[in-house]
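Now for the letters of each chain:
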Amino acid sequence: MIVSRILALISAIALGLLAAVALVPHSRALLPRLSPPAKVAPTPVLISIEDLAGESWPWPRLDLTLALRAMSPYRPEPVGLLLPLDAPDTFEPAQDNQLARALSSYLTPTLSATAFPFPTPAQTLSLPKISHTGSIESLRPADSFFAPEESLRRSGQAAAWKVTPDADGLLTRLPLVFRHENAVTPSWLLQLYAQALGADLTHSTLQGRRLILRDTQDFELQSIPLDLRGSVPIDWSRPDQLPEKMEIRGVVLAAEQERIGVRPYYDLKGISKRPAILAGGLAEVDPIIESPIGPRSLAEAVVRTWTSLSRGPSPVLHPPSGVILSVLLIAALLGLSSGQRGRVCLIESIAWAGLVMVAGWIVAKTEGYAGAFPLAVGAFVTAILAPRLLHWMESSHVR
C-alpha cells in the first residue's frame with residue numbers, strides 16, 4: 001500500500017538520521033588526513049614564563065626583553081608572543097621601549113590581540129586581510145581588541161586571537177581566521193604558521209571553507225579545510241606527547257653560560273631556524289583549559305594544532321544536507337525493494353553502507369569532508385529498518 005510505503009520510508013530515514021546524528025562526535029573516525037604541506041613547518045619551541053611564579057603581576061617587561069636578546073643570536077624564526085601586552089609597563093615605563101627594540105631584531109614578530117565580536121571601548125585595529133570567495137557570515141567576528149601596547153606594535157605585527165570552548169566546556173578547536181570589517185583576517189596562530197611555512201597570506205585565499213596557502217610565486221603550499229567558524233581541530237590523541245619547553249630565565253642563563261664557555265642550562269642552538277613562542281603557564285596570562293585528556297595549557301593546544309597541520313590537516317567539513325538526505329533515501333528505497341528477503345536486505349544494507357564509507361574516505365582525503373562513518377551507519381540502519389517498518393505497518397493495519 002502506498003501510504004504504508006511512504007510512512008515506512010519517512011520513518012526509516014528519520015531513524016537513520018537519528019543514528020547518524022548520535023555518531024557526529026565520531027565524524028573523523030576511520031578517515032585519513034589530508035596531504036601534508038609541500039614544505040613542513042618546524043615544530044615550535046615554547047619559551048615559558050612559569051619560572052616567574054610567585055612574583056607580583058604584572059611582571060616587569062625586563063624578563064621578556066632579556067629572553068628575546070638572549071635568543072636573538074640563534075635566530076629563531078618566526079617568533080610569536082602569546083602574552084597580554086595591552087597596557088604599558090606601570091613599574092618601569094622605559095622597559096616598553098627596550099622590549100620594542102628587542103622585538104625589532106626579529107623579522108616581523110607576531111603579537112596576539114584579544115578579539116571581541118562586537119564594538120566596545122576596546123581598541124580597533126587595521127589587520128591584514130585574506131582574499132575570499134563565498135559567504136563569511138559564519139566566521140567568528142573580531143570588531144575590537146585588547147591590542148598590544150602601541151610601541152610594541154610598531155616593532156611587530158598584531159593578529160586577532162580568541163578561543164572559545166565547546167558547549168561542554170572542552171576546548172577542541174582553535175581559530176585560523178576571523179571576520180573583520182567584512183573581510184577575512186588571519187588569527188595569531190595562522191600568521192605564525194604561515195611564516196614558518198613560507199606562505200604569503202596576501203597571495204592566499206579562503207575558497208568557501210578551504211584555506212589555500214600560497215607563497216609569493218602563487219605556488220600552493222597547503223590546503224586546509226575549516227569548520228563554519230573558521231577553526232581546525234586540536235589533536236588531543238596523544239596525551240603523553242608534550243611540547244618542547246624552555247623556561248624564560250633558563251634561556252637567559254643559558255645564553256650567558258654559552259658566552260663564558262660553560263656548559264649551558266639549555267642547548268640554544270636547537271632553536272635556530274625554528275619557531276619560538278613566548279607563552280605563559282600561569283593563570284594570569286594562560287588560564288588552564290579543559291581538554292578531552294584533562295586540564296592543559298593553551299600554549300600546548302597551539303603546539304598540538306600546529307603539529308597536526310604539519311602532518312596533514314584533519315577533515316572537518318560536514319556533508320551538505322542534500323547529500324545526507326539522498327544517501328538515506330537511497331538506503332530506504334533499497335531496503336523496501338528487498339521486500340521480506342532478510343538476507344538480501346542485509347547484503348544490500350552492508351554494500352550500500354560500505355560504498356558510502358569508501359566514497360566518504362575519498363572525499364575526506366581529497367576535499368576535507370568528515371562524517372563518512374556516521375552517514376554509513378545511518379544508511380545501514382535506514383536500509384535494515386525500512387522493510388521491517390513496512391511489514392509492521394501493513395500487518396498491523398497502521399494508517
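Whatever comes next refers back to the structure up there.
Being a predicted model, the structure only gives us computed values, none of them experimental. (Residues numbered from 1 in each chain as written. Predicted model: local features only at pLDDT ≥ 70, side-chain atom pairs only at ≥ 80, totals over all residues. Heavy atoms only, no water.)

Trainee: Quick one: what's the story with the pattern of salt bridges, residue by residue and with numbers?
Mentor: For side chains of opposite charge, pairing can occur when their charged atoms come near one another. What the rule picks out here adds up to 13 salt bridges. Ionic pairing is found between Asp 227 and Arg 173, a salt bridge with its closest N-O pair at 2.9 Å. Taken together, the residues Asp 227 in the loop between β12 (220-225) and β13 (231-233) and Arg 173 in strand β7 (residues 173-175) connect sequence positions 54 residues apart. Given a relative accessible area of 12%, Asp 227 falls into the buried group. Across the salt bridge formed by Glu 258 and Lys 269, the nearest N and O atoms sit 3.4 Å from each other. In this pair, Glu 258 sits in helix α6 (residues 248-260) while Lys 269 sits in the loop between α6 and β15 (276-279), placing the two residues 11 residues apart along the sequence. Overlapping salt bridges, with partners in common, bring together Arg 33, Asp 235, Arg 238 and Arg 311 in one network. (Salt bridge = Lys/Arg side-chain N within 4 Å of Asp/Glu carboxyl O. Helix = DSSP H or I, 4+ residues; strand = E, 2+ residues; numbered from the N terminus. Buried < 20%, exposed > 50% of the residue type's maximum accessible area, 1.4 Å probe, protein only.)

Trainee: An account of the packing of aromatic side chains is requested, with residue identities and associated values reported.
Mentor: Applying the stated rule across the entire model yields 3 aromatic pairs. Summarising the aromatic geometry, the rings of Tyr 265 and Tyr 266 are spaced 4.8 Å apart at their centres and angled 65 degrees between planes, so their arrangement reads as edge-to-face. (Phe/Tyr/Trp six-rings, centres within 6.5 Å; stacked < 30°, edge-to-face > 60°.)

Trainee: Go over the sheet that holds strand β4 (residues 131-133) with me, naming the residues and quoting the values.
Mentor: Pairing within the open sheet is mixed, and its 4 strands lie in the order β4-β10-β11-β12. A strand with exactly one partner marks an edge of an open sheet, and here the two such strands are β4 and β12. The mean angle between the axes of side-by-side strands here comes to 20 degrees, regardless of whether they run parallel or antiparallel. Here strand β10 (residues 205-207) pairs with strand β11 (residues 210-214) via 3 bridges, running antiparallel. Bridging from a neighbouring strand, Thr 205 pairs with Ile 212 of β11. (Pairing = 2+ DSSP bridges. Axes fitted to C-alpha atoms, helices over the stretch in contact; angles between N-to-C directions.)

Trainee: Describe the nonpolar core, listing the residues and the values that go with them.
Mentor: Judged by nonpolar contacts, the single largest core of 42 residues is most densely connected at Leu 174, Leu 176, Trp 188, Leu 213 and Ile 224. Taken together, the elements giving at least two residues each to this core come down to β6 (157-161), α5 (188-197), β11, β12, β15 and α7 (298-311). Ranked by the residues each element gives to this core, the list is headed by α5, at 8 residues. Ile 49, Ala 67, Leu 103 and Val 251 belong to the second-largest nonpolar core, a separate cluster that totals 30 residues. (Core = buried A, V, L, I, M, F, W, Y, C linked by side-chain atoms within 4.5 Å.)

Trainee: Go over the packing of helix α2 (residues 62-71) against helix α3 (residues 94-103) with me, naming the residues and quoting the values.
Mentor: In contact at an axis separation of 9 Å, α2 and α3 are set at 20 degrees when each is read in the N-to-C sense. Viewed along their axes, α2 and α3 adopt a mutual orientation that is roughly parallel. The interaxial crossing formed by α2 with α3 has left-handed handedness. Contacts from Leu 62, Leu 64, Thr 65, Leu 68 and Arg 69 in α2 reach Gln 95, Gln 98, Leu 99, Ala 102 and Leu 103 in α3. Looking at the contact of α2 with α3, its residues break down into 6 nonpolar, 3 polar and 1 charged. (Parallel < 35°, antiparallel > 145°, perpendicular 65-115°, else oblique. Left-handed = near helix turned anticlockwise from the far one by under 90°. Contact = heavy atoms within 4.5 Å. Nonpolar A, V, L, I, M, F, W, Y, C, P; charged D, E, K, R; others polar.)

Trainee: Any chance you could break down the side chain of Asp 200 for me, citing the residues and the numbers?
Mentor: In this fold, Asp 200 is placed in the loop between α5 and β10. Of the side chains with opposite charge, Arg 214 comes closest to the buried, unpaired Asp 200, at an N-O distance of 10 Å. Apart from the residues lying within four places of it in its own chain, the contact partners of Asp 200 are Arg 214, Asp 215 and Thr 216. (Lys, Arg positive; Asp, Glu negative; His and termini not counted.)

Trainee: Outline the packing of α5 against α7, listing residues and values.
Mentor: It is the contact of α5 with α7, at a shortest axis distance of 11 Å, that shows an interaxial angle of 45 degrees. Taken together, the axes of α5 and α7 lie oblique to each other. For the pair α5 and α7, the crossing hand works out as right-handed. On α7, the residues that touch Trp 188, Leu 189, Leu 192, Tyr 193 and Ala 196 of α5 are Val 302, Thr 305, Trp 306, Leu 309 and Ser 310. Here the contact of α5 with α7 is built from residues that sort into 8 nonpolar, 2 polar and no charged.

Trainee: Before we move on, can you summarise the pairing of β12 with the specific residues and values?
Mentor: For β12, the tally of buried residues reaches 5 of 6 residues, placing the bulk of the element in the interior. Note that β11 and β12 share 5 bridges and pair antiparallel. Directly across from Leu 213, in β12, lies its bridge partner Gln 222. The hairpin turn running from β11 into β12, its antiparallel successor, is 5 residues long, and Asp 218 in that turn takes a positive phi close to 65 degrees.

Don't take any of this as a statement about function, it's just geometry.
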